[in-house]
2 protein chains.
Amino acid sequence: MKKTTTGKAGSRAKPVDTRSLQMADIARMAGVSVSTVSRALSGSALISEKTRTRVEDLARTLNYAVNIGAQNLRLKQNRTIAVVVPYDRSTRQHVSEPFFLSMLGSLADAITDRGYDMLLSRVDADELHAVSKLVRSGRANGIIMIGQWRHHDQLNELAANDFPIVVWGAQLPRQLYCSVGSDNLEGGRLATRHLIASGRKRLVFFGDVDFPEAAMRFEGFKRAHADAGLRVRSELCIKVDFTAESAREATQRLLLSGHSFDGLFACSDLMAVTAINTLAENGHVVPDEVAVVGYDDIELSRHFRPGLTTIRQPLEQAGIALVDSLLAVLDGRQPLPTVLEPVLVERATCVVGAKPPTVAQRGAPGA
Amino acid sequence: MKKTTTGKAGSRAKPVDTRSLQMADIARMAGVSVSTVSRALSGSALISEKTRTRVEDLARTLNYAVNIGAQNLRLKQNRTIAVVVPYDRSTRQHVSEPFFLSMLGSLADAITDRGYDMLLSRVDADELHAVSKLVRSGRANGIIMIGQWRHHDQLNELAANDFPIVVWGAQLPRQLYCSVGSDNLEGGRLATRHLIASGRKRLVFFGDVDFPEAAMRFEGFKRAHADAGLRVRSELCIKVDFTAESAREATQRLLLSGHSFDGLFACSDLMAVTAINTLAENGHVVPDEVAVVGYDDIELSRHFRPGLTTIRQPLEQAGIALVDSLLAVLDGRQPLPTVLEPVLVERATCVVGAKPPTVAQRGAPGA
DNA sequence: ATGAAAGCGCTAACAC
DNA sequence: GTGTTAGCGCTTTCAT
């Protein structure tokens, strides 16, 4: 990092004049009272057309904008929604995970469209109760929480106190808060059914069932097996957390274990992609030897080679559903959880109707 | 999307009780005055240890939090920084572009670390002046603007009025605002030099020089040619905007044009990846026939196959520099623009010391 | 060490 | 139609 010399001169201390225009100023200049200005600017019907235009013109010319803080204080409102991304030290789950970031974009749009502001806040997952402060302190009206969470009880406790929160995630039994999520069971089933339909029989599962989402996907994995009259091989069900490193290790361990397999369902695209790369480095060809289905359909998956077959979560809809549900909660209603339908996106890593798996091809070592 | 029936019952209209605790309540319960509570909670030295603990305990027990809105109004402050992402209809540049999103993560961290709140705001690029309202209305103290912008003059106009804004982007001549950006000229030069060093001589440039960043990278492209005694082939310099579609079209046109080339420098990783895929679909092997260097080092590039050689922008540093610069501006100082050094990340698509390009290999058609 | 009172910039009765 | 007045929930003189 270097500082250049081009640009403005050093640092003359010249405090920014923050004493901006106020309503009183406009009032004085227009020769009316403050309330008249207030009314004129808020489109009250009690104001004469003449005064209104005079005030409006003045305001526009002087570049005046109503002070939202004061307005909110007076109105006891604050059109702000806080989006909270729990920050998990242990998992090192980070805001820059592709999936989170797509979700953020979708939320930003939905929130903006409804005339609200979006506060982005990261809180330590172990300090989750801190989110309530955002609302108690009047910083935001309500909270949208995103993230793999194993915080069911904390959330329930918040919701029990009528705390305005909506969370992205699985719908759980005895849940007091409103959730929006995709149907993870169905997603897991779709993925697994597709693997089976492509002729695979010995399927690996990658995921951390401590997370409700992953647990549901695993459930779908099992159901699909049952539907097809296949049995789940427990030695192929591996606990992998949501990091690339974990997926890499798991894949290596799996290869070393000697268990044979011809298909893999991973609970995130990042896992899937990492597994594919690790397989490739060890001379195994995807999808010829091992078919793979991921989850999320992040940007990456479309550009990855071979194109990743995956389960897409409808994020646009998710953003909208989250925001609308929160607004309903704020309105004193109790919206039902929303379950979005995941869709299978078939690309190259698992194709139905293609040739069946080959145990060893192109003289690939191992397997 | 379907509504499930599990979960809470329908919608009993039961307005959330927003009349939360106030300082007056604490005061009454503690048997002291409001001012005492205020002082106790803000750690004033004039309060007896006994009163302080009593008040603090009470506040903690009752889950009281000071109303930030009122506090800010009184203090004429608001520890909030708005991050603005211009939304460009024509380019369809979207918040979910991987690069923007990484930047957001980095900013969220930097802002949070400094005890500020981050407001995320998208504004139509054609309504750029709207950002000033964020500050005039007291919603935020200052603005950090991210995004490919061709809005130099508008920004200068804002800055001329002492408007607290810092922008991510190239440093331009006669610039009145503070910018933070990577050295795009150097980045372009690094990329091009690497291509040349790997033995390539007929280089393609993909980018839209209407954007200052891309223009500078192109400048670096030209310099590297000059340094190596090569000439830039104008028929290989193609205007491509920051979308995958545009890159795909450009690549196809390029192939149809019949011009031969053995290297490609793309102004974003997304362009690069798309170009590589399009080349592959047409039977051209990267990097054997065409070496490719991208720009940004987004997540994708690490997982893409073959690994994308690219120029990394140091986003962590960028976030920090942006925030610190803005805070300096808010403090009445005039920070100098920051120029971050880009670094070359060598992966597989352009490797120095590898075998020289082959015009046709593995019986690839065309070329 | 504590309290009373004024006021941050705005809105909304309530008068006229 | 417009002005007067009383707060929204807090901090901070200025008294005591």
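Residues numbered from 1 in each chain as written. Chains lettered and ligands numbered in written order. Predicted model: local features only at pLDDT ≥ 70, side-chain atom pairs only at ≥ 80, totals over all residues. Heavy atoms only, no water.

Looking at an unreviewed UniProt entry, one finds chain A named Transcriptional regulator, LacI family and attributed to Hydrocarboniphaga daqingensis.

Student: Please clarify how the packing of aromatic side chains should be interpreted in this entry.
Tutor: Aromatic ring pairs are reported here in terms of the distance separating the ring centres and the angle at which the planes meet. For the structure on display, the rule yields 12 aromatic pairs over all chains. Seen from their ring centres, Phe205(A) and Phe218(A) are 4.7 Å apart, and the 50 degrees between their planes marks the pair as tilted. Of this pair, Phe205(A) sits in strand E7 (residues 203-207) while Phe218(A) sits in helix H9 (residues 212-227); the two residues are 13 residues apart in sequence, bridging distant segments of the chain. As far as the burial class goes, Phe205(A) and Phe218(A) line up, both buried. For the pair Phe218(B) and Phe221(B), a centre-to-centre distance of 5.9 Å together with 20 degrees between the ring planes defines the contact as stacked. (Phe/Tyr/Trp six-rings, centres within 6.5 Å; stacked < 30°, edge-to-face > 60°. Helix = DSSP H or I, 4+ residues; strand = E, 2+ residues; numbered from the N terminus. Buried < 20%, exposed > 50% of the residue type's maximum accessible area, 1.4 Å probe, protein only.)

Student: What am I meant to see in the UniProt feature "domain: HTH lacI-type" (unreviewed entry) in chain A here?
Tutor: Following the UniProt record, one finds the feature "domain: HTH lacI-type" (unreviewed entry) at residues 23-75 of chain A. Secondary structure across residues 23-75 of chain A comprises 72% helix and 0% strand; the distance between its end C-alpha atoms is 16 Å. (UniProt positions renumbered as here; feature names shortened; annotations may be inferred.)

Student: Which parts of the structure should I look at to understand the sheet that holds E7(A)?
Tutor: Hydrogen bonding along the main chain pairs the strands of a sheet, whether they run parallel or antiparallel. Residue and element names in this part refer to chain A. Reading across the sheet, the six strands line up as E8-E7-E9-E10-E11-E13 and stay open at both edges, with mixed pairing between neighbours. This sheet does not close on itself; its edge strands, each paired only once, are strand E8 (237-239) and strand E13 (343-345). Along the sheet, successive strands turn relative to each other by an average axial angle of 20 degrees, direction set aside. Here strand E10 (residues 291-296) runs beside strand E11 (residues 309-312); their pairing, made up of four bridges, is parallel. In the strand pairing of E11, Gly294 is matched with Thr310. Sheet contacts for helix H10 (residues 244-257): E7 and E8; angle to E7, the most-contacted strand, approximately 150 degrees. (Pairing = 2+ DSSP bridges. Axes fitted to C-alpha atoms, helices over the stretch in contact; angles between N-to-C directions. Contact = heavy atoms within 4.5 Å.)

Student: Sorry if this is basic, but what is going on with unusual backbone geometry here?
Tutor: It is generally the case that most residues other than glycine have a negative phi and that most peptide bonds are trans. The omega angle of the peptide bond from Val286(A) to Pro287(A) is 5 degrees, so this bond is cis rather than trans. Of note, Asp296(B) is a non-glycine position whose phi angle comes to about 120 degrees, a positive value. Along the polypeptide, Asp296(B) turns up in strand E10 (residues 291-296). For Asp296(B), a relative accessible area of 12% translates into the label buried. The phi torsion at Asp297(B) lies on the positive side, around 55 degrees, for a residue other than glycine.

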